[in-house]
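# Residue-level structural notes
So the chains spell out like this:
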Amino acid sequence: MKKQLSSWQEFTKGIWKNNPIMVQLLGLCPTLAVTVSAINGLAMGLAATFVLIMSSLLISSIRKIIPGQVRIASFIVIIATFVTIVDLVMKAKFPALSKALGPFIPLIVVNCVILGRQEAFASKNNPGRAFLDAIGMGSGFTLSLIVLGTIREIIGSRSFFGIKVLPEGFEPWLIMILPAGAFLTLGLLLALVNYYSIRKEREEHESIIAHYKRVGREELIEELKVN
Amino acid sequence: MNKVIQMLMVLTGIGIISGGLLATVDGWADPFIIANKKAETEASIFRVQPEGKSYEALNNIGFEAYKIKNENSDNIGYALVYEGNGFQGKIRLICGLSSDLNKIIALEILEQVETPGLGTKITESPFTEQFKQLETSPSINWVKGVEPSKPNEIQAITGATISSKAVVNILNQGIEQMRQLRASGALQ
Amino acid sequence: MELFVIFISAALVNNFVLAYFLGICPFVGVSNKLSSAISMGMATTFVMTLTAIVSWLLYNLILIPYNLDFLQIPSFILVIASLVQFVEMVIKKVSQPLYRALGIFLPLITTNCAILGLALFGSMREYSFAENIIFGLGAGAGFTLALVIMAGIREELDLADVPKPFRGAPITLIVAGILALAFMGFAGMI
């Protein structure tokens, strides 16, 4: 049995340690497709977060009456229902955004982040924890989308949330708003995250070695190096 | 056996609830969606026919076109919605035409998937402005690199010649269709 | 002619993976070996063509006539899920070698957004029945092409000295970016 995380950890794990996009590499399709601007990223993130929270709440509440064999089918129908609601509401109230995000709202259904959280978390935990988990994962997803959208928008169209931030003299890099720019930006961001975690790991490693040296257990260092 | 019944019950229950919920939400959202679509069409019609006050759809012609009237209910021209292939995909546009079909009042690109930053310039005003008061007979022509010298010519965008050409071709095809309708008397 | 344009457009110009970002998960996950990339591509193309047929029938013969188009998303995803299961069962019965080659990839296809994307695009663009089939075939061919090229490059990359933080997903995405640029050269073919 794994140690229970505190409520706060349950919430924050989705933002950094298990960030769905940057660490788990889930839900990349909408991430790459809609992030030509920060506002698109925000809208997509909020839509997916809403679906994630609602499905997690519902599924964790009825988890005991769903038979194991049909759980995936039930999850998919529940998720698809919430996605359709979001799609209809956006079409009715935010037609411009709905047009910009195009078919990627319906595609939230197959966003692996959402189905993944139902299978791995909501179907095994009570609604309270499932809610925290969903908010955390949703925030992590939304934040990553905003970061990606911001980088691409500033360099690709000189603006941030539609407001011009770079001077006219800066020639916008067209590649950033092309599909290729999405791949390159995300690739570089992931490398940055990797670089950070590799460095952190090495620091931890070195601090352990230093500790062993202090207590005079040199033989343990050799053991560590072998591993 | 019990297990199977439970499975069926749960799936049916979820299906019924989800269907019912969606039907309700759809019932609420549908009027808004229809109103949005109508408002969007209306706004673009009056942008390409600024003098127009009312419009009337032309039915059973195989494409989308509207007859435009001014405040005295006189026919002042048409708005034509037409589409065709661009550089990377479909381009859909709307253009206002004078009542003799020989002049474009204004042009607006409704949908396109051209290369961002290059082909997408066809939606921007330096390009679309060129179509204001452009003559359409015998057909619209494009020139490259030089200023247009004839009243039926426009200048193609540097770096987006194919997209510019596509817009001209779509317009020529659409206007040709309108001319045929006119010749057959269907425009009255 | 129109059908040919749709095929080229779906396979090359508007490649599902490199221009629409559909099916990125299997693209990153399965593209490290050429042989599995080919199997995955074939399985996906097969399911895509079937989906194009079934979703068109469902949409135009049931959802539209009965004004049920708000059920589009749930019904499409269910149809795809059951289709994949069905295909898996049939292949297992009919051909063991084929099942061994494609079998493990089939369950992955259910969550491949390229399949649902295909069904949604097809109904959005109001394709005719024949056009939709060609669209499905083209999208599948494009997906296979992107996957196979990527796998070829990644097999070579294994031998290259990639900086540590770039290993795995980052370098794959950067290569995909360069491939997307290369595929832009196909624009203008339609």
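Residues numbered from 1 in each chain as written. Chains lettered and ligands numbered in written order. Predicted model: local features only at pLDDT ≥ 70, side-chain atom pairs only at ≥ 80, totals over all residues. Heavy atoms only, no water.

As a further point, take the interface of chain A and chain C. Each partner contributes to the interface: chain A provides 35 residues, whereas chain C provides 36 residues. Considering only the surface of chain A that becomes buried against chain C, Cys29(A), Val110(A) and Phe183(A) emerge as the three largest contributors, covering 22% of it. Counting across the chain A and chain C interface gives zero salt bridges. Applying the counting criterion to the chain A and chain C interface returns one residue pair in polar contact (both at pLDDT 80 or more). Contributions of two or more residues to the side of chain A that touches chain C are made by helix H2 (28-34), helix H4 (71-93), helix H6 (112-122) and helix H9 (179-215) of chain A. Element by element, the count of residues in the side of chain A that touches chain C is highest for H9(A), at 13 residues. For the side of chain A that touches chain C, a count of residues per class yields 31 nonpolar, three polar and one charged. (Contact = heavy atoms within 4.5 Å. Buried area = accessible area lost by both parts, 1.4 Å probe. Salt bridge = Lys/Arg side-chain N within 4 Å of Asp/Glu carboxyl O. Polar contact = N/O pair within 3.5 Å; in protein donor to acceptor, adjacent residues only side chain to side chain. Helix = DSSP H or I, 4+ residues; strand = E, 2+ residues; numbered from the N terminus. Nonpolar A, V, L, I, M, F, W, Y, C, P; charged D, E, K, R; others polar.)

What follows is about the pattern of salt bridges. Proximity of charged atoms lets side chains of opposite charge pair with each other. This structure, assessed with the given rule, holds 14 salt bridges over all chains. Residue Arg92(B) pairs with Glu83(B) through a salt bridge whose shortest N-O separation is 4.0 Å. Accessibility expressed as a relative area gives 22% for Arg92(B), which makes it partly exposed. Among the ionic pairs, Arg167(C) bridges to Asp161(C), the shortest N-O distance being 3.8 Å. Taken together, the salt bridges that share partners define one network made up of Glu64(B), Glu83(B), Arg92(B) and Glu111(B). (Buried < 20%, exposed > 50% of the residue type's maximum accessible area, 1.4 Å probe, protein only.)

By a frequent convention, interface size equals the accessible area lost on bringing the separate parts together. Each partner contributes residues to the interface: chain B has ten residues there, and chain C has ten residues. Buried surface at the junction of chain B and chain C, summed over both partners, amounts to about 870 Å²; 63% is from carbon and sulfur atoms. The largest per-residue losses of area from chain B upon contact with chain C belong to Leu22(B), Phe87(B) and Gln88(B), which jointly make up 49% of the total buried on that side. Remark: the boundary between chain B and chain C carries zero salt bridges. Viewed at the interface, chain C and chain B are joined by zero residue pairs in polar contact (both at pLDDT 80 or more). Here the side of chain B that touches chain C gets four residues from one element, more than from any other, and that element is helix H1 (residues 2-48) of chain B. Class assignment for the residues of the side of chain B that touches chain C results in three nonpolar, six polar and one charged.

On their own, these measurements won't tell you what the molecule is for.
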